[in-house]
Amino acid sequence: MHTKSRSVDVPGAPVARPRGAGATLTGSPAACRLYQQVADNPDMPLRLEVVGSGGHGKTVLLDALTEAYTRAGTAVVRSLPDSADEDPPPARTLLVDDAHELPDAEIERILRWSLGPDARVVLAHRPWPRPAALSALAVAFGAGRAPLVLGPLDRAGVAERAAMLLGERPSVELVELVSEQTGGSPMLVDRLLLALRDRGGLTEAGAAAGEPPAAVLHQLDHQLHLLPGPVRELLLGQAVGGVLDPDVLAALLAVATEAVVALVEEAAASGLLLPDGELVPLARQALLRLTPVAHQLAVRRRLAGLRLDHGASVLTVARGLLGTGATGTRVAAVLADAGNEALAEYLPIAVDLYAAAVEAGAPRVPLAARRAEAAMLVGDLDAALTHTDLVLTSDTADAEPVRAAIVAAAVLAHRGLLTRSAEIYRWLGAERLGQAAVLAVPALIGTGALTEAREALGMDTSATARPGRPPTLLAGAEELIARGMYDTVAGSPVAALSQLTRAATLLEVSGRAALLTDTPAALAALVAVHSGELEVAQAVLDAAVAGGSGGRAYAARHCLLQAWIAMHRGGIVAARNLLAAAEAGGRLGPRDELLAAALDVALARRTSDVAALMLSWGRARRAIVRHPVDLYSLQPLGELAIGAARLREQSWVAPYLDAAQALLGQLGNPPLWAAPLHWSGLHSAIAADDGDAATRHTGLLEKIAGTGRYAAALAGGGRAWLRALTGDVDAAAVEDAARGLYAVGLAWEGGRLAGQAALRTRDRKEMTVLLGIARSMQGMPAPAVAHVPNPGPPPEPGSAAPPQPRVPPVPAEEVEGRLSDREREVAELVLAGLTYKQIGEQLFISAKTVEHHVSRMRRRLRSGSRGELFTHLRMLVDGASTD
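Along each chain, residue indices are assigned from 1 in the same order as the chain's sequence is written. In keeping with the predicted nature of the model, local features appear solely for residues at pLDDT of at least 70, side-chain atom pairs appear and are counted solely at 80 or more, and the whole-chain, interface and lining totals rest on all residues. As a convention, hydrogens and water are excluded, and side-chain values are obtained from all of the structure's heavy atoms.

## Side note on the packing of aromatic side chains
Argument step 1. Each Phe, Tyr or Trp ring (for Trp, its six-membered ring) is paired with any other whose centre lies within 6.5 Å, and the angle between the two planes then decides the class: stacked below 30 degrees, edge-to-face above 60, tilted in between. Per the counting criterion, the structure on display carries one aromatic pair.
Argument step 2. Relative to W673, the ring of Y632 lies with its centre 5.7 Å away and its plane at 65°, an arrangement referred to as edge-to-face. Taken together, the residues Y632 in the loop between α31 (610-626) and α32 (634-646) and W673 in helix α34 (residues 671-687) connect sequence positions 41 residues apart. Note on accessibility: Y632 and W673 belong to one class, buried. Counting from the N terminus, the helices are the DSSP runs of H or I reaching at least four residues and the strands are the DSSP runs of E reaching at least two. Burial classification: accessible surface area is computed with a 1.4 Å probe over protein chains only, and a residue below 20% of its type maximum counts as buried, one above 50% as exposed, and the rest as partly exposed.

Written out as structure tokens, the structure is:
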């Protein structure tokens, strides 16, 4: 299948293949200029040295010059006469190729040939070898003209050759591919272009798909076998992951260290080794695909062992050992060392390298803690826990229990078992953790162990001094996290948010965050949400997602928290999309599942979708029983409590709410964490018609109103709700409370307060004002009603839907003229399938008023039945949508 690709705009690039030998030099401006000079003035004296690696166009240039001289009637000699005494004939041109292979005597004859004032001698050779006689000749030639160096083609040169060979302008993608694979070697450029053309792979998709053309690889393999054995082995060593280390190469090739430099220069002169020491990609593929596997494996093993002995990086060469089945002590050591390198750089391949090391014969227990850490980085929590158990149940001296315990604590936090995480840190003890004891603080704070958290931070003056840690970014981030979480309960929430945000910045692109009980970005977002700072929460999460903070293990958590923020802002669609994205990543752990279930319930409640609320409640009940209460799950728990009250299922959440209150009590009832739970308690009480509970929660909010603007906004909202529920509506006070909620990110909450207050006021002017406020805060959702066959809701939930009779059409303009704006809003929501109660909540009117509007529309439209009413309303909506 052909794909639409951008073409390269080559200035002056011909569409048809040009004629003449000069066309073979296309893409090399220097060669083209020389050819043109000779073609224009073939009698001019010329002594020129042409230097270029193999495949860079020396022979092609000499052939083109031969054609130009011959066409001008000038005799051309391509090799010296056999007799060393023969004088150079007059009016002849000498063009010599591969001069680097000539003996000194032959080079001296060429020098004599070139001494005449009208001599025309062009000498082409590779940059290596360079015998003394050739250097002397180059000096003599250079007195009149600098050498012509033929280097690799640039992108423009490749594009020009492609246009010449293919007869059409190439796509940008094709030029990029050919340039990258060939290193710009003109010979390889031509071979690859023609092979791709023959294979039908000149489109962007075709060029990139599949293996390189077999013909090109086999040609290269033949070329490689013409090289001396040591040079070919050097190139193979590079292909399997070597570097140009003279000591390692000397041992690999069994040559003296001094000989390595010459071999590298010879390899570079072949045109297959790039100046940066990397192989031309096509040459690498030819070596890896066509060299016998046994030979490759032997080279890989020798190279890996040598690099290990020299203390060099083995990561690249170890990658090549994966999947080969290589075993033995040396191979296992190489793979384990490579795993350590990968783990230090937070690379996912560490998992495979450690597994291969064990398969090759490395002991399981000494590597288990590192395997657990690697598994955590890729989000494989089950494997991580399996490896940590192996360490923690072992008495092997080199089992690394501290590393394993830190991983286990992080995994258990994912599983919703923060109390167990704290127990693991207690088991390790401050003596083994040292200054890293601050790692335990989030788990200790989250489970109510405030005194122990203070000790872990070194605030207990009676505690034994611990050795300091190196002042690394990681140590600084962990310290900021610990002090920030402590400040959320016993200090300044503003300072806490600042510290957590700074910690998140330090670990934005670090996989190390995966080994914490929660990422600093997630903790900062939670604190920001509890503070009403949704912009801060959004920014820190966006940065964490962009940088992949915490790796795959935390991807879903960050996404769910983004959905939570969107929900608070009233972005129902955005929240649903983010929730779906988090769920698409695979099965959620208990902590993430609790948050996802709470989102499901909250979104159903905010859209007044009772059916969805009932469906999501089943998921919520399963999530609740799997996740014990901790400080960081209080907001989801609060949402579930409101949903439970709506469904009269309070008994399911009562024990967890009791546990939450006890936890807050252990921590001294910190306002930052207590305020949202009391707000949820107020709304649970409203849903359950429990006036006493509503009054109690509002009173608790009043007590902490002075601790911050978020608590103040919730307290103001609570007061307004209590008054509105009794019918005592002060429009100004309600507006202030609603705007206060809106200002701390609770847009939907503010709109609902204003809307419900509007329904309860007897002052029509105040009602209009409050409804306007409600709409401005929540916005009116666009109902998906156009062209959707739906009979509409029954008057009461559960009754049967009416049939769809054929109804004589009523002109749309006649219908519209008989409906008010409010009736049109009701009509759209009726067709969307909402019940009267749901419509009332959307429009901030009572279900009885909705029923009244529907009855009036039925009379005005002369609908004989509900079925006719729905048909007439659909005509109205469809007609309006096409105007």
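## A look at the nonpolar core
Argument step 1. Ranked by size, the top nonpolar core spans 188 residues in total, and within it L235, L335, M376, I445, L631, Y632 and W673 carry the most contacts.
Argument step 2. Tallying contributions element by element places helix α30 (residues 590-606) first for this core, with ten residues.
Argument step 3. Among all residues touching L235, those that are not within four sequence positions of it are L224, L227, A267, L272, L273, L279 and L287.
Argument step 4. Membership of the second largest hydrophobic core comes to 35 residues, among which are A724, L753, A774 and F844. We define the nonpolar core as a collection of buried residues of types Ala, Val, Leu, Ile, Met, Phe, Trp, Tyr and Cys that are connected through side-chain atoms lying within 4.5 Å of one another. Contacts are residue-level and defined by heavy atoms, with any inter-residue pair within 4.5 Å sufficient.

## Quick look at the environment of R289
Argument step 1. Topologically, R289 is positioned in helix α13 (residues 281-290).
Argument step 2. A residue is classified by how much of its surface remains accessible, and R289, at 43% relative accessible area, is partly exposed.
Argument step 3. Once the C-alpha coordinates of R289 and L217 are considered, the two residues, 72 residues apart in sequence, prove to be 8.4 Å apart.
Argument step 4. Dropping the residues within four chain positions of it, R289 is found in contact with E211, P212, L217 and Q296.
Argument step 5. Here a polar contact is taken to be a pair of N or O atoms separated by no more than 3.5 Å, where protein atoms must pair a possible hydrogen donor with a possible acceptor and residues adjacent in sequence count only if both atoms sit in side chains. In terms of polar contacts, R289 uses its side chain to reach the side chain of Q285, at 2.8 Å.

## Focus: the sheet that holds strand β1 (residues 46-52)
Argument step 1. Strand order in the open sheet formed by five strands is β2-β3-β4-β1-β5, and the pairing between neighbours is parallel. Bordering the open sheet on either side are β2 (75-77) and β5 (148-150), each of which pairs with just one other strand. If you compare each strand with its neighbour and ignore which way they point, the axes differ by 20° on average.
Argument step 2. Note: β1 against strand β4 (residues 120-125), six bridges, orientation parallel. Following the sheet pairing, L48 is matched in β4 by V122.
Argument step 3. Contacting β2, β3 (92-96) and β4, helix α3 (residues 104-113) crosses the sheet at an angle of about 150° to β3. What makes two strands pair is DSSP finding at least two bridges between them. Every axis corresponds to a line fitted to the C-alpha atoms, with the helix fit spanning only the stretch in contact, and the corresponding angles, defined between N-to-C directions, vary from 0 to 180 degrees.

## Overview of the confidence of the model for the protein
Argument step 1. pLDDT measures the predictor's confidence residue by residue and takes values from 0 up to 100. Mean pLDDT over the protein: 87, with 88% of residues reaching 70 or higher.
Argument step 2. Segment residues 9-19: pLDDT under 50, and 13 contacts once partners within four positions in sequence are set aside and those in other chains are kept.
Argument step 3. Scored below 50 in pLDDT, residues 780-816 shows 60 contacts in the model against residues more than four places distant or in partner chains.

## Considering the side chain of S616
Argument step 1. Tracing the chain through its elements places S616 in helix α31.
Argument step 2. Exposure remark for S616: the relative accessible area of 5% places this residue in the buried category.
Argument step 3. A polar side-chain atom of S616 sits 3.0 Å from the main-chain carbonyl oxygen of L613.

## What about helix α20 (residues 401-414)?
An α-helix turns once every 3.6 residues. As a result, residues three or four positions apart point the same way.
Argument step 1. Given the number of residues in a helix, its expected span is that number minus one, multiplied by 1.5 Å. The end-to-end C-alpha separation of α20 is 20 Å, in line with the 20 Å expected for 14 residues at 1.5 Å each.
Argument step 2. With eleven of its 14 residues buried, α20 lies for the most part within the structure.
Argument step 3. Among the residues of α20, those classed as buried are A404, A405, I406, V407, A408, A409, A410, V411, L412, A413 and H414.
Argument step 4. Buried residues belonging to α20 abut α18 (364-377), α19 (381-392), α21 (418-433) and α30.
Argument step 5. One or two steps after α20, the chain reaches G416, where phi turns positive at roughly 80°.

## A closer look at the environment of V536
Argument step 1. Mapped onto the elements, V536 comes out in helix α27 (residues 534-547).
Argument step 2. We classify V536 as partly exposed; its relative accessible area is 29%.
Argument step 3. When the C-alpha atoms of V536 and A525 are compared, they prove to be 7.3 Å apart, with eleven residues separating the residues in sequence.
Argument step 4. Once residues within four sequence positions are removed from consideration, V536 is found in contact with L497, T501 and A528.

## Points about the pairing of β3
Argument step 1. Among the five residues that make up β3, four are buried, leaving the element largely enclosed by the rest of the structure.
Argument step 2. In this structure, β3 lies alongside β4, joined through four bridges in parallel fashion. Within β4, the residue paired with T93 across the bridge is R120.
Argument step 3. Note on handedness: a clockwise path from strand one over the helix to strand two, with the strands aimed away from the viewer, defines a right-handed crossover. Following the backbone out of β3, through α3 and into the adjacent parallel β4, one traces a crossover that is right-handed.

## Comments concerning the pattern of salt bridges
Argument step 1. The working definition used for a salt bridge is a side-chain nitrogen of Lys or Arg within 4 Å of a carboxyl oxygen of Asp or Glu. One pass over the full model with this rule turns up 32 salt bridges.
Argument step 2. Across the pair R557 and D518 runs a salt bridge, and its minimum N-O distance is 2.9 Å. Of this pair, R557 sits in helix α28 (residues 555-568) while D518 sits in the loop between α25 (493-506) and α26 (520-531), placing them 39 residues apart in sequence. For the pair R557 and D518, one class covers both residues: buried.
Argument step 3. For D600, the salt bridge goes to R619, with nearest N and O atoms at 2.9 Å. A residue pair is termed long-range when its members are at least 10 positions apart, and D600 in helix α30 and R619 in helix α31 qualify at 19 residues.
Argument step 4. Connected through salt bridges with shared partners, the residues R370, E373, E400 and R403 form a single ionic network.

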